[in-house]
Amino acid sequence: MAKSKKVIISCAVTGAIHTPSMSEYLPVTAEEVIEHSLAAHEAGAAVLHLHARDEIDGHPTQDPEEFEKFLPTIQKSCDAVINITTGGGPQMTVEDRMRPAMHFQPELASLNMGSMNFGLFPMLKKHNQLKFPWEKEMLERSKHSLFKNTFEDIENIMTLGYANGTRFEFECYDVGHLYNLHYFHREGMLKGPYFIQFVMGIMGGIGADADNLLHLKKTADKLFGDTGYEWSVVGAGASQMKMNATGAALGSHVRVGLEDSLWDGPGNLAKTNADQVKRVREILEGLSLEIATPDEARQMLGLKGKDKTNIN
């Protein structure tokens, strides 16, 4: 597989894993999502991976009306590729999770490639002073609930998304998810070029270390090596920059953002998403790698262009 000449930086701005009590800097309101997104783009992020939160208590929501509060402003204010989640939150229904991507028909949407345990409950040991009741409830529920992504769920999201011209960031949390993706490849249901995101370090998924990353990459090469696929790396929590640096040295794209980690170095909360973008950009440039612009990312990922979305 030919390596990309430039590295795409994706920034996952707020997500649905962390709660407002964990960091005062986590974007919650539409204004905060806009501010963080534009600063992350200015710092070098070509792709903005976006979730929405209720503006009162910060709980994750897939209500398109909440996305409407920030998506048009971001799209008009910068040239970044907007990537809307279909993962939503691990405890949401698949039908609810699909709503914003189906409504806005973005260039890119995330797509989780398998059902899994998604353990957030250990965070309760570190964060026992929570402001809102939903925070503790969500974390506790992750001990006995499942992040559901059946083959039927995946096929439904994929079929509806492709009908709108949306391409996917295929999020693979373990090696088995690559084989799930390969099933759809084998059935001729995927549209290239494929963009595979290795998500590492989530409890219930593959651990975040170099050996596991090499295993994921070797497996992806075996399954998709003749497709010219693009790949990227997410490291959860403290593994964020380590896994990005390791992946980049092997030829990957990278993803940062407060969805994946609240930190900017040991013991320091990231005040903005741009802090993490700047840090990973320094790592990439230290490896003599060039940063992809949004239009270069569009070309590499085969995207339809921002003018063909329903974000206005």
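Peer 1: Sorry, what's going on with the nonpolar core here?
Peer 2: Across soluble globular proteins, nonpolar side chains show a tendency to be buried alongside one another. In terms of nonpolar packing, the biggest core is built from 64 residues, with Phe-70, Phe-170 and Phe-198 touching the most fellow members. Ignoring any residue separated from it by four or fewer positions in sequence, one finds Phe-198 in contact with Cys-172, Leu-178, Leu-213, Leu-216, Lys-217, Ala-220, Trp-231, Ser-232, Val-233 and Val-234. Judged by nonpolar contacts, the second largest core, of 19 residues, contains Leu-26, Phe-118, Met-123 and Val-234.

Peer 1: Sorry if this is basic, but what is going on with the side chain of Ser-110 here?
Peer 2: The topology assignment puts Ser-110 in strand β7 (residues 108-112). Judged by its relative accessible area of 1%, Ser-110 is buried. Excluding its chain neighbours within four sequence positions, the residues that come into contact with Ser-110 are His-49, Asn-83, Ile-84, Thr-85, Thr-86, Gly-87, Phe-168, Glu-169 and Glu-171.

Peer 1: I tried to follow the pattern of salt bridges on my own but got confused; where do I start?
Peer 2: Working definition: two side chains of opposite charge can pair if their charged atoms are close together. Applying the stated criterion across every chain, the model contains 19 salt bridges. The partner of Lys-306 in a salt bridge is Asp-79, and the shortest N-O contact between them spans 3.9 Å. Of this pair, Lys-306 sits in the segment after α12 (294-301) while Asp-79 sits in the loop between α3 (71-77) and β6 (81-84), and the two are 227 residues apart along the sequence. With relative accessibility at 22%, the residue Lys-306 sits in the partly exposed group. Taking the relative accessible area as the measure of exposure, Asp-79 reaches 30% and is therefore partly exposed. Between Arg-281 and Glu-285 there is a salt bridge whose closest N-O contact spans 3.0 Å. On the criterion of helical spacing, the pair formed by Arg-281 and Glu-285 is a turn pair, its members being 4 residues apart in helix α11 (residues 273-286). The class for Arg-281 is partly exposed, based on a relative accessible area of 28%. Exposure remark for Glu-285: the relative accessible area of 43% places this residue in the partly exposed category.

Peer 1: Just to check I follow, could you spell out helix α6 (residues 133-141) for this structure?
Peer 2: It helps to recall that an α-helix has 3.6 residues per turn; residues three or four apart then point in one direction. All buried positions along α6 are accounted for by Trp-134, Glu-135, Met-138 and Leu-139. Mapping the buried residues of α6 onto a view down its axis gives an arc of 130°, with all of them on the same face. Elements that come into contact with the buried residues of α6 comprise β4 (52-53), β5 (60-61) and α5 (123-126).

Peer 1: Is there a simple way to think about the environment of Pro-266 in this case?
Peer 2: Relative to the assigned elements, Pro-266 resides in the loop between β11 (253-256) and α11. In sequence terms Pro-266 and Gly-201 are 65 residues apart; their C-alpha atoms lie 17 Å from each other.

Peer 1: Just to check I follow, could you spell out the packing of aromatic side chains for this structure?
Peer 2: For any pair of aromatic rings, geometry is given as the distance between the ring centres together with the angle between the planes. Under the counting rule described, the total for this entry stands at 11 aromatic pairs. Judged by centre distance (6.2 Å) and plane angle (40°), the rings of Phe-151 and Phe-184 are tilted. Here Phe-151 is found in helix α7 (residues 151-163), whereas its partner Phe-184 is found in helix α8 (residues 175-186), with 33 residues between them in sequence. Taken together, a centroid distance of 6.4 Å and an interplanar angle of 65° make the contact between Phe-224 and Tyr-229 edge-to-face.

Peer 1: What exactly am I supposed to notice about the packing of helix α1 (residues 30-43) against α11 here?
Peer 2: A packed helix pair is summarised by two numbers, namely the angle formed by the two axes and the spacing between the axes. The interhelical angle for the contact between α1 and α11, taken along N-to-C directions, is 15°, at an axis separation of 8 Å. Between α1 and α11, the angle falls in the class roughly parallel. Between α1 and α11 lies a crossing whose hand is right-handed. For the pair formed by α1 and α11, the contact residues are His-36, Ala-39, Ala-40 and Ala-43 on the first element and Asn-273, Ala-274, Val-277, Lys-278 and Arg-281 on the second. Residues that form the contact of α1 with α11 fall into these classes: 5 nonpolar, 2 polar and 2 charged.

Peer 1: In this structure, what is going on with the pairing of β11? I would like to understand it.
Peer 2: Side-chain positions along a regular strand alternate between the two faces of the sheet. Neither face of β11 is open: one carries His-253 and Arg-255, the other Val-254 and Val-256, and all of them are buried. As paired elements, strand β2 (residues 9-12) and β11 share 3 bridges and run parallel to each other. In the sheet register, Cys-11 faces β11, and the bridge partner there is Val-256. In this structure, strand β10 (residues 230-235) lies alongside β11, joined through 2 bridges in parallel fashion. Residue pairing across strands places Ser-232 opposite His-253, the latter belonging to β11. Handedness of the β-α-β unit built from β10, helix α10 (residues 240-250) and β11 comes out right-handed.

Parameters at a glance
- Residues numbered from 1 in each chain as written.
- Predicted model: local features only at pLDDT ≥ 70, side-chain atom pairs only at ≥ 80, totals over all residues.
- Heavy atoms only, no water.
- Core = buried A, V, L, I, M, F, W, Y, C linked by side-chain atoms within 4.5 Å.
- Buried < 20%, exposed > 50% of the residue type's maximum accessible area, 1.4 Å probe, protein only.
- Contact = heavy atoms within 4.5 Å.
- Helix = DSSP H or I, 4+ residues; strand = E, 2+ residues; numbered from the N terminus.
- Salt bridge = Lys/Arg side-chain N within 4 Å of Asp/Glu carboxyl O.
- Arc of directions from axis to C-beta.
- Phe/Tyr/Trp six-rings, centres within 6.5 Å; stacked < 30°, edge-to-face > 60°.
- Axes fitted to C-alpha atoms, helices over the stretch in contact; angles between N-to-C directions.
- Parallel < 35°, antiparallel > 145°, perpendicular 65-115°, else oblique.
- Left-handed = near helix turned anticlockwise from the far one by under 90°.
- Nonpolar A, V, L, I, M, F, W, Y, C, P; charged D, E, K, R; others polar.
- Pairing = 2+ DSSP bridges.
- Right-handed = clockwise from strand over helix to strand, strands pointing away.

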